[in-house]
Amino acid sequence: MPPPPDTTARPQPSPPSTRVRRFTRAERWVHRATAALMGVCVATAACLYLPELAELVGRRELVVRIHEWAGLLLPVPLLAGLVSRALRADLGRLNRFGPHDRTWLREALRRRKGPAGKFNAGQKIYASWLAGATLVMLGTGLLMWFTHLTPLMWRTSATFVHDWLALTLGVVLAGHIGMALNDPESRTGLRTGTVDPEWAARQHDLWRP
């Protein structure tokens, strides 16, 4: 005789978390293309300035041309991505610095988490600095490329600024990559466009998707 059916209520599995849309496909492709071009610039610069790498790679003239064209193309993904309304909206967010951002910076100095919108104050400062550094690198690089257009003093000064800013840029990018490696959900957001709502509420508590 079969046993009677079990009528005890069993806990139902919880539904999967509804992930929050953070970046559109256009924004993700702009980030990837910019990161790829920046990586080429950094790698070729290392091959040009470090003797060990220069000897290993060789073909200096080819490396110089790749470096120059990667630098010239660096602003192109962002300019092309401006057709995206979402990208323009996020650029506006990155360009605004409110009272909560100052609070975030104060808390960050105390190694505590402060309030943040879609982007925290550190990300806003990094984006602004990177945009300015890219423009300076592009301008000084053009002065170094077209040597016949400017006096020798200009080219010498441009070389000095370009080289030292490149070193600073490499250090800042290494810090940016290191922070990304410590935040898997942030990397997932850039890869898939969506993030976990609990992560969003914890890291960007003022953001209302």
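Here the residue index of a chain counts from 1 through its sequence in written order. Per-residue local features of the predicted model are confined to residues with pLDDT of at least 70, and side-chain atom pairs are confined, for both listing and counting, to 80 or more; whole-chain, interface and lining totals are unaffected and use all residues. In computing side-chain properties, one takes all heavy atoms of the structure into account and sets aside hydrogens as well as water.

**Student:** Whenever I open this one, the overall build of the protein confuses me. Can you help?
**Tutor:** Only DSSP runs of H or I covering at least 4 residues are called helices, and only runs of E covering at least 2 are called strands; the numbering of each starts at the N terminus. A count of helices and strands for the protein gives 10 helices and 2 strands. Sequence-ordered secondary structure for the protein, helices as α and strands as β, is β-α-α-α-α-α-α-α-α-α-β-α. The size measure is the radius of gyration over C-alpha atoms, and the globule rule it meets is 2.2 Å times the number of residues to the 0.38 power. Taking 209 residues into account, the globule formula puts the C-alpha radius of gyration at 17 Å, and the protein, at 23 Å, lies well above it. In terms of its C-alpha atoms, the protein occupies a principal-axis envelope of roughly 95 × 50 × 35 Å. Burial statistics for the protein: of 209 residues in total, 29% are counted as buried. The protein chains shown are the only cover counted for residues, whose accessible areas, like all others here, come from Shrake-Rupley with a 1.4 Å probe. Counting only carbon and sulfur atoms, one obtains 67% of the accessible surface of the protein, whose full area is about 14300 Å². The buried label applies to any residue whose accessible area, calculated with a 1.4 Å probe on protein chains only, is under 20% of its type's maximum; exposed applies above 50%, and partly exposed to all values in between.

**Student:** It is not clear to me how the nonpolar core should be interpreted in this structure. Could you clarify?
**Tutor:** Within soluble globular proteins, side chains that are nonpolar generally end up buried alongside one another. Among the buried residues, those of types Ala, Val, Leu, Ile, Met, Phe, Trp, Tyr and Cys that are joined through side-chain atoms within 4.5 Å form a nonpolar core. Core analysis: the largest hydrophobic core is formed by 11 residues, namely Leu 37, Met 38, Cys 41, Ala 70, Leu 74, Leu 130, Ala 133, Met 137, Leu 165, Leu 169 and Leu 173. Mapped onto this core, the elements with two or more residues apiece are α1 (25-49), α7 (121-145) and α8 (152-181). When near neighbours in sequence (up to four residues on either side) are disregarded, Leu 130 contacts Met 38 and Leu 169. One finds Val 20, Val 195, Trp 199 and Trp 207 within the second-largest nonpolar core, a separate group that totals 5 residues. Pairs of residues are marked as contacts when any of their non-hydrogen atoms sit within 4.5 Å.

**Student:** Whenever I open this one, the packing of aromatic side chains confuses me. Can you help?
**Tutor:** The relation between two aromatic rings is expressed through the spacing of the ring centres and the mutual angle of the planes. Stacked, edge-to-face and tilted are the three classes for Phe, Tyr and Trp ring pairs, Trp counted by its six-membered ring, which pair at centre distances within 6.5 Å; planes under 30 degrees apart are stacked, over 60 edge-to-face, the rest tilted. Per the counting criterion, the structure on display carries 4 aromatic pairs. Relative to Trp 164, the ring of Phe 160 has its centre 6.5 Å away and its plane inclined at 55°; by these criteria the two rings are tilted. Remark: Trp 164 and Phe 160 occur in helix α8; sequence separation between them is 4 residues, near one turn of the helix. For the pair Phe 160 and Trp 164, one class covers both residues: exposed.

**Student:** Please explain the environment of Ala 166 as it appears in this structure.
**Tutor:** Along the chain, the position of Ala 166 falls in helix α8. For Ala 166, a relative accessible area of 29% gives the class partly exposed.

**Student:** Would you mind showing me how to read the environment of Glu 107 here?
**Tutor:** Counting through the fold element by element, Glu 107 comes out in helix α6 (residues 99-109). Every residue in contact with Glu 107, bar those within four places of it in the chain, is listed here: Arg 112, Lys 113 and Gly 114.

**Student:** What should I look at first to understand the pattern of salt bridges in this one?
**Tutor:** Pairing between side chains becomes possible if they bear opposite charge and their charged atoms approach one another. Take a side-chain nitrogen of Lys or Arg and a carboxyl oxygen of Asp or Glu: if they are within 4 Å of each other, that pair is a salt bridge. Across all of its chains, the model carries 8 salt bridges by this definition. When the shortest N-O distance is used, the salt bridge between Lys 124 and Asp 101 registers 2.9 Å. Of this pair, Lys 124 sits in helix α7 while Asp 101 sits in helix α6; the two residues are 23 residues apart in sequence, bridging distant segments of the chain. Several salt bridges converge on common partners, so that one network encompasses Glu 61, Arg 65 and Glu 68.

**Student:** I tried to follow the layout of surface pockets on my own but got confused; where do I start?
**Tutor:** A probe matching the size of a water molecule, rolled over the atoms, marks out where space remains unfilled. In this structure, the second largest pocket occupies an estimated 880 Å³ of space. A cavity here means a set of points on a 1 Å grid, drawn over the protein atoms and nothing else, where a 1.4 Å probe fits but cannot get out; a pocket is an open set with protein on both sides within 12 Å along at least five of seven lines, and a residue lines either one if it has an atom within 4 Å of a point. In terms of lining, the second largest pocket is formed by 29 residues, of which the most central are Ala 45, Tyr 49, His 67, His 162 and Ala 166. Here the nonpolar group is Ala, Val, Leu, Ile, Met, Phe, Trp, Tyr, Cys and Pro; Asp, Glu, Lys and Arg are the charged ones; every other residue, Gly included, is treated as polar. Across the lining of the second largest pocket, the residue classes tally to 20 nonpolar, 6 polar and 3 charged. Grid points are joined across faces, edges and corners, and a volume is the space filled by probe spheres set on the points.

**Student:** Sorry if this is basic, but what is going on with unusual backbone geometry here?
**Tutor:** Backbone phi values are negative for most residues with the exception of glycine, while trans is the configuration of most peptide bonds. Positive phi outside glycine occurs at Arg 59, with the angle close to 45°. Relative to the helices and strands, Arg 59 resides in the loop between α2 (51-57) and α3 (60-73). A positive phi angle is found at Arg 111, which is not glycine, with a value near 60°. Structurally, Arg 111 can be placed in the loop between α6 and α7.

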